[in-house]
Amino acid sequence: MATGARHTTFSILGSDVVVTGNVSASVDLHVDGKIEGDLKCANLVQGEASEIKGAVAAETAKIAGLVDGSIEAKTLIVHATARITGDVTYETITIENGGRVDGKLSHRRHGAAAPGAAKAPPPLEIVETRTA
């Protein structure tokens, strides 16, 4: 059965799902529900009403809800509705206007784990949303 999982591109935790405990997925994960525990997956997409209370580790994390814990991601996108309380480690980051991060932002160079070695400022992109 393990080979069947390789053909699945993503898994979904719906808005009515509450998980108490750590979650690990080898595929992409879309979370609309609540997780009370650490989360590790390939790529994460979090819905606006979602809450994650624990550490998040993913290649790419698109955060739109609440995360109460640390985040480690190669690429992090913080949407306008996101509320993050915890330290964030990233290679590239995008924070939309209105997105909130309460914690330490730490840039990690590609393939490097040693902190404090960055000579150039971390890549930071501020996206401004305009309404007509």
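Our structure's up above, just so we're on the same page.
Residues numbered from 1 in each chain as written. Predicted model: local features only at pLDDT ≥ 70, side-chain atom pairs only at ≥ 80, totals over all residues. Heavy atoms only, no water.

Engineer: Looking at this model, I keep getting lost on the overall build of the protein chain. Mind explaining?
Structural biologist: Counting secondary structure elements, the protein chain contains 1 helix and 15 strands. Sorting the 132 residues of the protein chain into buried and exposed places 31% on the buried side. Nonlocal contacts in the protein chain, meaning residues at least 24 apart in sequence, comprise 9% of its contacts between residues at least 6 apart. Working note: accessible area of the protein chain is about 8,000 Å², and carbon and sulfur atoms make up 52% of it. (Helix = DSSP H or I, 4+ residues; strand = E, 2+ residues; numbered from the N terminus. Buried < 20%, exposed > 50% of the residue type's maximum accessible area, 1.4 Å probe, protein only. Contact = heavy atoms within 4.5 Å. Areas by Shrake-Rupley, 256 points an atom, 1.4 Å probe, with all protein chains shown as cover.)

Engineer: Sorry, what's going on with the environment of Lys 40 here?
Structural biologist: You can see Lys 40 is positioned in strand 6 (residues 39-46). Judged by its relative accessible area of 56%, Lys 40 falls in the exposed class. The sequence separation of Lys 40 and Ala 58 amounts to 18 residues, and the corresponding C-alpha distance is 5.9 Å.

Engineer: I would appreciate a short explanation of the pattern of salt bridges in the present structure.
Structural biologist: Between side chains of opposite charge, pairing is possible as soon as their charged atoms come close. Summed over the entire model, instances satisfying the criterion amount to 2 salt bridges. The salt bridge involving Arg 108 is made with Glu 72; its shortest N-O contact spans 2.7 Å. Within this pair, whereas Arg 108 is found in the loop between strand 14 (105-107) and strand 15 (124-127), its partner Glu 72 is found in strand 10 (residues 71-78), the two being separated by 36 residues in sequence. Residues Arg 108 and Glu 91 are paired through a salt bridge, measuring 3.6 Å at the closest nitrogen-oxygen approach. Note that Arg 108 is positioned in the loop between strand 14 and strand 15 and Glu 91 in strand 12 (residues 88-96), a separation of 17 residues in sequence. (Salt bridge = Lys/Arg side-chain N within 4 Å of Asp/Glu carboxyl O.)

Engineer: Which parts of the structure should I look at to understand the side chain of Gln 46?
Structural biologist: By secondary structure assignment, the location of Gln 46 is in strand 6. In this structure Gln 46 comes out as buried when scored by relative accessible area, which is 2%. At a separation of 3.0 Å, a polar atom in the side chain of Gln 46 contacts the main-chain amide nitrogen of Gly 65. In contact with Gln 46, other than residues within four places in its own chain, are Val 31, Glu 51, Ile 52, Lys 62, Ile 63, Ala 64, Gly 65, Leu 66 and Val 67. (Polar contact = N/O pair within 3.5 Å; in protein donor to acceptor, adjacent residues only side chain to side chain.)

Engineer: How should the nonpolar core be read in this particular structure?
Structural biologist: Side chains of nonpolar character tend, in soluble globular proteins, to be buried together. Judged by nonpolar contacts, the single largest core of 26 residues is most densely connected at Leu 44, Ile 63, Ile 71 and Leu 76. Counting residues per element, the ones that place at least two in this core are strand 4 (28-31), strand 6, strand 8 (56-63), strand 10 and strand 12. Excluding anything up to four places from it in sequence, Ile 71 contacts Val 56, Ile 63, Leu 76, Ile 84, Asp 87, Val 88 and Thr 89. (Core = buried A, V, L, I, M, F, W, Y, C linked by side-chain atoms within 4.5 Å.)

Engineer: How should the environment of Gly 69 be read in this particular structure?
Structural biologist: If you trace the backbone, Gly 69 turns up in the loop between strand 9 (66-68) and strand 10. With a relative accessible area of 15%, Gly 69 lands in the buried category. Along the backbone, Gly 69 and Ala 55 are 14 residues apart, and their C-alpha atoms lie at a distance of 4.8 Å. Setting aside chain neighbours within four positions, we find Gly 69 in contact with Gly 54, Ile 84, Thr 85 and Gly 86.

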